[in-house]
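Breakdown of the fold
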Amino acid sequence: DPMGDDAQKWFTGKGMFPIRAGIVKDVGAFYTNTGRLLSIIWAMLTTQDATPDLYKVHVGTPESDDDRCLHYRWRSYFQGALDFILENSKQYLQWHDLGLTVGGRVQDANRPEFLFGTALSCVAGVWTCMKDNLKSTNHKPVFRRACPGYPPQQMGITQGLNYGCVVAPWAAAYRPLDADDKPESSVCLRSIYDHSVRGVLVNVRARQEHFLRRSLVCAYVREAWDAFLDPALLDQLRSLRVKLLTHKDRFLVDIREVPEDEPFGDGSKTWKQALMDAGVNKWGPTMPLTGIGGVPSAGSIEPSDEPAPAVQDLKTMPFAGTAPDPTPWWRRKTTIAAAGATVALGGIAAAVARARSRG
């Protein structure tokens, strides 16, 4: 019972903090088949070379304020969870500074969601500090900044956290000391977006740029797809299409795969018609070419031996590699975290699935 004796003692200020990593459950574990399906879509999107599907996702940039792009959505999603935890911490410490036995909403029995919400650090948080054992005491830990930090499955006693990936209200306020032994302005707990998700999305966006230039995929995509909500990518697509019309590799375009009614230029003709007017055979590719080093080429507007940016495996995402709990389910105390790695990553892939229905 999540509202059992441990929780009741906590709410009255007479017990220890009751939430710990062992009782936190990733909701993604309840959607095994959904997670597998979305993982397949994600892999198809990020590992296949020059696939048009790559352009059905609006990735954007880390600085983007476009709420339709993945950078904005994931940055906001994880930051919202951290803001929740930090507000819990702020209220808890304010109340205890006043000498009160309970600390704000995280000890309010009428609003238990704030207590259970501390488990969000197991989804959204990265601990970017290491305990300085030489200067720490039992009652006052001292921290130094550790970069890039520890994802949830690595958070624990070594990092000065007694509840695993669950960051207690007082711990959420910990700040590391700088080289002059002065507290830094930012706390130890940071967003997992900055730790791993940001880098993944940067590489996905880089792949979009790479294959527009290094292949003929610009012939097969649609301007209406989500990737081209990004003005820079849309400009690049349009300029490369103009270049393709006079490029020798235009004869490698399979006109049968070019979308019908795709706009081009001033709208006086379609993109497909522009290609045929440039000599592209309506029955299929007619010009076998060899690429760099004599390797058969599928065509490239700007040939290069530079490899495509790779999208790293997100094994450092929340709950990755967590060992199963051998305790029978009816004996477990469980707190449900808001979202786990499987569903979180699946959300990106789901955007692809939705886009496919439009393309």
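Residues numbered from 1 in each chain as written. Predicted model: local features only at pLDDT ≥ 70, side-chain atom pairs only at ≥ 80, totals over all residues. Heavy atoms only, no water.

Quick notes on the packing of helix α6 (residues 192–214) against helix α7 (residues 231–244)
Rule in force here: Every axis corresponds to a line fitted to the C-alpha atoms, with the helix fit spanning only the stretch in contact, and the corresponding angles, defined between N-to-C directions, vary from 0 to 180 degrees. Put simply, DSSP H or I for four residues or longer makes a helix, DSSP E for two residues or longer makes a strand, and each gets a number counted from the N terminus. If an angle is under 35 degrees, it is roughly parallel; if it is over 145, roughly antiparallel; if it lies from 65 to 115, roughly perpendicular; otherwise it is oblique. Throughout, a residue-residue contact means that at least one pair of heavy atoms, one from each residue, lies within 4.5 Å. Amino acids are sorted into nonpolar (Ala, Val, Leu, Ile, Met, Phe, Trp, Tyr, Cys and Pro), charged (Asp, Glu, Lys and Arg) and polar (every other residue, Gly among them).
At their nearest, the axes of α6 and α7 sit 10 Å apart, and the two run at 10° to each other. One finds that α6 runs roughly parallel with respect to α7. Here α6 contributes R205, Q208, E209, L212 and R213 to the contact with α7, which in turn contributes A232, L233, Q236, L237 and L240. When grouped by side-chain class, the residues that make up the contact of α6 with α7 number 5 nonpolar, 2 polar and 3 charged.

Regarding helix α2 (residues 32–47)
Three or four residues apart is the spacing at which side chains of an α-helix point the same way, because the helix has 3.6 residues per turn. Quick reminder of the rule: Between the first and last residue of a helix there are one fewer steps than residues, each counted as 1.5 Å, and that sum is the expected span. Accessibility here uses a 1.4 Å probe with only protein chains present; expressed as a share of the type maximum, an area under 20% marks a residue as buried, one over 50% as exposed, and anything in between as partly exposed. The arc in question is formed by the directions pointing from the helix axis toward the C-beta atoms.
In this model, α2 (16 residues) spans 22 Å end to end at C-alpha, consistent with the 22 Å of a helix rising 1.5 Å per residue. Every buried residue belonging to α2 is among G35, L38, I41, W42, L45 and T46, and all of these are buried. Seen from one end, α2 has its buried residues packed into an arc of 130°, which puts them on one side. Exposed residues lying more than 90 degrees from the buried face of α2 are N33, R36, L37, I40 and T47.

Some details on the confidence of the model for the protein
Here is the rule we go by: For every residue, the predictor reports its confidence as pLDDT, a number between 0 and 100.
Across the protein, pLDDT averages 85, with 83% of residues at or above 70. Low pLDDT, under 50, characterises residues 291–296; the stretch is placed with 8 contacts to residues that sit more than four places away or in other chains. Predicted confidence for residues 338–358 stays below pLDDT 50, and this span has 42 contacts to residues more than four positions away or in other chains.

What to know about the side chain of T118
Locating T118 in the fold gives a position in the loop between α4 (113–116) and α5 (121–124). A relative accessible area of 1% places T118 in the buried class. In contact with T118, not counting residues within four places along its chain, are F17, I19, F84, I85, N88, V106, V166 and V167.

Re the packing of aromatic side chains
For clarity, the threshold we go by: Centres within 6.5 Å make a pair out of two Phe, Tyr or Trp rings, where for Trp the six-membered ring is used; the pair is then stacked when the planes are under 30 degrees apart, edge-to-face when over 60, and tilted otherwise. The rule is short: NZ of Lys or CZ of Arg within 6 Å of the ring centre and within 35 degrees of the ring normal puts a charge over the ring.
Counted under the stated rule, the structure contains 15 aromatic pairs. A centroid spacing of 6.0 Å and a plane angle of 10° characterise the contact between W10 and Y92, whose relative ring orientation is stacked. Highlighted residues: W10 in helix α1 (residues 5–11) and Y92 in helix α3 (residues 70–97), separated in sequence by 82 residues. For W10, a relative accessible area of 2% puts it in the buried group. Among the aromatic residues, ring-to-ring pairing joins W10, F17, Y92, Y163 and W170 into one connected group. When the ring centre of W225 is taken as origin, the NZ or CZ atom of K56, which lies over that ring, is 4.8 Å away. The ring of F84 carries R105 above its face, with NZ or CZ at 5.1 Å from the centroid.

A short note on the nonpolar core
As a reminder of what qualifies: Joining through side-chain atoms within 4.5 Å is the link that ties buried Ala, Val, Leu, Ile, Met, Phe, Trp, Tyr and Cys residues into a set, and such a set is a nonpolar core.
If you look at the biggest cluster of nonpolar residues, it comprises 79 residues, and the most contacted ones within it are Y55, W127, L212, F228, L244, W271 and L275. With 8 residues, the top contributor of residues to this core is α6. If we skip the residues at most four places from it in the chain, Y55 touches R207, Q208, F211, L212, V217, V221, W225, D226, A227 and F228.

Here we look at the state of the cysteines
For the record, the criterion: Disulfides are defined as pairs of cysteine sulfur atoms found within 2.5 Å of each other.
In the structure shown here, the tally under the stated rule is 2 disulfides. Linked covalently through their sulfurs, C122 and C165 form a disulfide whose S-S length is 1.9 Å. Linking C122 and C165, the disulfide has an S-S dihedral of approximately 85° and is accordingly described as right-handed. A residue pair is termed long-range when its members are at least 10 positions apart, and C122 in helix α5 and C165 in the loop between β3 (143–150) and β4 (189–191) qualify at 43 residues. Residue C122 is classed as buried on the basis of its relative accessible area, which comes to 0%. Judged by relative accessible area, C165 falls into the buried class, the value being 8%. Linked covalently through their sulfurs, C129 and C188 form a disulfide whose S-S length is 2.1 Å. Looking along the S-S bond of the C129-C188 disulfide, the torsion reads about -90°, which is the left-handed sense. With C129 in strand β2 (residues 125–131) and C188 in the loop between β3 and β4, this pair connects stretches of sequence that are 59 residues apart. The buried category is assigned to C129, whose relative accessible area is 0%. With its disulfide-bonded cysteines labelled consecutively along the sequence, the protein is connected as 1-3, 2-4.

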